[in-house]
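# Structural characterization, general
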Amino acid sequence: MIRVWRADSGVLVGQLKAHSERVDALALSQDGKTVRFEVGRDAQLVSAASDKTLLVWDVEKEYELRKKCVANDTCLSLLVTSSNVIGGYSSGSIRIWSL
């Protein structure tokens, strides 16, 4: 589960529940607001977990927008660009997904 907190007050404002195992990496959009991944669809957060899934989230609505099954090794880091998600893995590999 991913907990979402207000940085200015420390108040819990949401919980994102979809991963079945530990969340290993998170990446917020560069502006902290949106990443355009489909016409008319925006996301704010991407997460990777030990369940070998990569999830694209609408944080405000607490809704999973897209789910990708990924490699057998653990994702250690994520970077979100305007059109891609880049993941760094425990095997030393880097993978790039188009949004």
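Structural notes, computed from the coordinates. (Residues numbered from 1 in each chain as written. Predicted model: local features only at pLDDT ≥ 70, side-chain atom pairs only at ≥ 80, totals over all residues. Heavy atoms only, no water.)

## Some details on the overall build of the protein chain
- For the protein chain, the helix and strand inventory stands at 0 helices and 11 strands.
- Counting helices and strands in the order they occur from the N terminus, the protein chain gives β-β-β-β-β-β-β-β-β-β-β.
- Put simply, of all contacts in the protein chain between residues at least 6 apart along the chain, 35% involve residues at least 24 apart.
- Accessible area for the protein chain stands at about 5900 Å²; split by element, carbon and sulfur atoms hold 49% of it. (Helix = DSSP H or I, 4+ residues; strand = E, 2+ residues; numbered from the N terminus. Contact = heavy atoms within 4.5 Å. Areas by Shrake-Rupley, 256 points an atom, 1.4 Å probe, with all protein chains shown as cover.)

## Description of the pairing of strand 11 (residues 94-98)
- One ladder, built from 5 bridges, connects strand 10 (residues 84-89) with strand 11; its direction is antiparallel. Its bridge partner being in strand 11, Gly 87 is matched across the sheet by Arg 95.
- What sits between the antiparallel neighbours strand 10 and strand 11 is a turn of 4 residues, in which Gly 92 has the positive phi angle 95°. (Pairing = 2+ DSSP bridges.)

## Focus on the sheet that holds strand 7 (residues 53-58)
- With antiparallel pairing, 4 strands are arranged side by side in an open sheet as 3-6-7-8. Two strands bound the open sheet, and with one partner strand each, they are strand 3 (23-28) and strand 8 (63-69). Taking the axes of each pair of neighbouring strands and ignoring which way they run, one obtains an average angle of 20° across the sheet. (Axes fitted to C-alpha atoms, helices over the stretch in contact; angles between N-to-C directions.)

## Remarks on the side chain of Ser 50
- Structurally, the position occupied by Ser 50 is in the loop between strand 6 (45-49) and strand 7.
- Among the residues examined, Ser 50 registers a relative accessible area of 13% and is labelled buried.
- Within the local environment of Ser 50, its side chain forms a polar contact with the side chain of Asp 24, the two groups lying 2.8 Å apart.
- Not counting residues up to four positions away in its chain, the partners in contact with Ser 50 are Glu 21, Arg 22 and Asp 24. (Buried < 20%, exposed > 50% of the residue type's maximum accessible area, 1.4 Å probe, protein only. Polar contact = N/O pair within 3.5 Å; in protein donor to acceptor, adjacent residues only side chain to side chain.)

## What to know about the pattern of salt bridges
- Applying the stated rule across the entire model yields 3 salt bridges.
- Between Arg 6 and Asp 8 there is a salt bridge, with the nearest N and O atoms lying 2.5 Å from each other.
- The class for Asp 8 is exposed, based on a relative accessible area of 60%.
- As a salt-bridge pair, Asp 24 and Arg 22 come within 2.6 Å of each other at their nearest N and O atoms. (Salt bridge = Lys/Arg side-chain N within 4 Å of Asp/Glu carboxyl O.)

## A few points about the sheet that holds strand 9 (residues 75-80)
- One open sheet holds the 3 strands; their spatial order is 9-10-11, and the pairing between them is antiparallel. Two strands lie at the open edges of the sheet, namely strand 9 and strand 11, each paired on one side alone. Taken over all neighbouring pairs, the strand axes of this sheet differ in orientation by 20° on average, direction set aside.

## A closer look at the nonpolar core
- One finds Val 46, Ala 48, Leu 54, Cys 75, Leu 78, Val 85 and Trp 97 to be the most contacted residues of the largest nonpolar core, which totals 14 residues.
- Elements supplying a minimum of two residues to this core: strand 3, strand 6, strand 7, strand 9 and strand 10.
- By residue number, the principal contributor to this core is strand 9, which donates 3 residues.
- Among residues more than four places away in sequence, those in contact with Val 85 are Val 46, Leu 54, Leu 78, Leu 79, Arg 95, Ile 96, Trp 97 and Leu 99.
- The next biggest cluster of nonpolar side chains, apart from the first, holds 7 residues, and it includes Ile 2, Leu 45, Trp 57 and Val 59. (Core = buried A, V, L, I, M, F, W, Y, C linked by side-chain atoms within 4.5 Å.)

Don't take any of this as a statement about function, it's just geometry.
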